[in-house]
Amino acid sequence: MRVIASRITEPCLGSFMRAPDWLPAHLHATAVERSLAAGQALFRAGEETAGLYQIVIGKVRLVRVDRRGREAVLQVATPGETLAEASLFSSVYHCDAIAVTKSVVRLFPKAVLLNEFERDPEAGRAFTAMLARQVMALRTRLEQRNIHSARDRVRHYLAVNADPSGTTVALSQTLKDIASELGLTHEAFYRTLADMAADGEIERHQRSILIKKAAI
């Protein structure tokens, strides 16, 4: 197994991060952790799969590189989120995982998880439910990408992520990460937010955006 042995010998560094909700409690002890420097690869396309990862500290992006060397960002995972779920059912990874910042990731070994799903159908159903939520989130992102106007795309993001009152959006990501999620350059995203604020449509705060009035 290539490069995997070095990944599973490091001590647990981030026990404060709660394990995924769908994971049976007795499997938490099987997790192992690895520290990554910014720009370091967690895995590369074509490498043998080791299991599913959870981000403990930092950010890790999944990217696919085309023949011209251009990168397509598939996901930017932040603390608490998982990545490489599909690797449980594949022999090799189909994209690269690169640390955006200094990060710590937690590996849940593939064999352990698959054995648990066979032993306990309820664990498998919980995992399936988590994947279903991811599919719903992906559909929302695809819907956003089909909106041509940058302002309308931002309006859609705010509406989908607003609190129950429909007035406040908590920002759990940086503006640059949100821009990437929306398929906008960060310059276009910042400019759109500035225009919306100038028009009185929103009010920006450090970690939130207040929706002041509906789009006209």
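Located above this text is the structure these notes cover.
Structure report, in brief. Predicted model only: the values in this text are computed from it and were never measured.

The rules we used
- Residues numbered from 1 in each chain as written.
- Predicted model: local features only at pLDDT ≥ 70, side-chain atom pairs only at ≥ 80, totals over all residues.
- Heavy atoms only, no water.
- Phe/Tyr/Trp six-rings, centres within 6.5 Å; stacked < 30°, edge-to-face > 60°.
- 1 Å grid on protein atoms, 1.4 Å probe; cavity = no way out; pocket = protein on both sides within 12 Å on 5 of 7 lines; lining within 4 Å.
- Points joined across faces, edges and corners; volume = space filled by probe spheres on them.
- Helix = DSSP H or I, 4+ residues; strand = E, 2+ residues; numbered from the N terminus.
- Nonpolar A, V, L, I, M, F, W, Y, C, P; charged D, E, K, R; others polar.
- Polar contact = N/O pair within 3.5 Å; in protein donor to acceptor, adjacent residues only side chain to side chain.
- Contact = heavy atoms within 4.5 Å.

1. Digging into the packing of aromatic side chains
Here the structure, examined in full by the defined rule, presents four aromatic pairs. Every member of this aromatic cluster is reached through a ring pair, and the members are Phe 43, Tyr 53 and Tyr 93.

2. Description of the layout of surface pockets
Each pocket or cavity is described by its volume, and for the second largest pocket that value is around 170 Å³. The wall of the second largest pocket is formed by Arg 61, Val 73, Val 76, Val 100, Lys 176, Asp 177, Ala 179, Ser 180, Leu 184, Thr 185 and His 186. Every element with two or more residues in the lining of the second largest pocket is listed here: strand E5 (71-77) and helix H4 (175-182). At four residues, the largest contribution of residues to the lining of the second largest pocket is made by H4. Along the lines of polarity and charge, the residues of the lining of the second largest pocket split into five nonpolar, three polar and three charged.

3. Some details on the side chain of Asp 96
By the element assignment, Asp 96 lies in strand E7 (residues 96-99). A distance of 3.2 Å separates polar atoms of two side chains, one belonging to Asp 96 and the other to Arg 44. Leaving out residues up to four positions away in the same chain, Asp 96 has contacts with Phe 43, Arg 44, Ala 45, Arg 61, Leu 62, Val 63 and Val 65.

4. Examining empty space enclosed by the protein
Taken as a whole and assessed by the stated rule, the structure comprises one cavity of 30 Å³ or more. Quantified by volume, the largest cavity comes out at close to 30 Å³. Surrounding the largest cavity, Val 154, Tyr 157, Leu 158, Leu 171, Leu 175, Ile 178, Phe 189, Leu 193 and Ile 209 form its lining. Of the residues forming the lining of the largest cavity, the biggest block, three residues, is contributed by helix H3 (residues 150-161). For the lining of the largest cavity, a count of residues per class yields nine nonpolar, no polar and no charged.

Treat this as a map of the structure, not an account of what it does.
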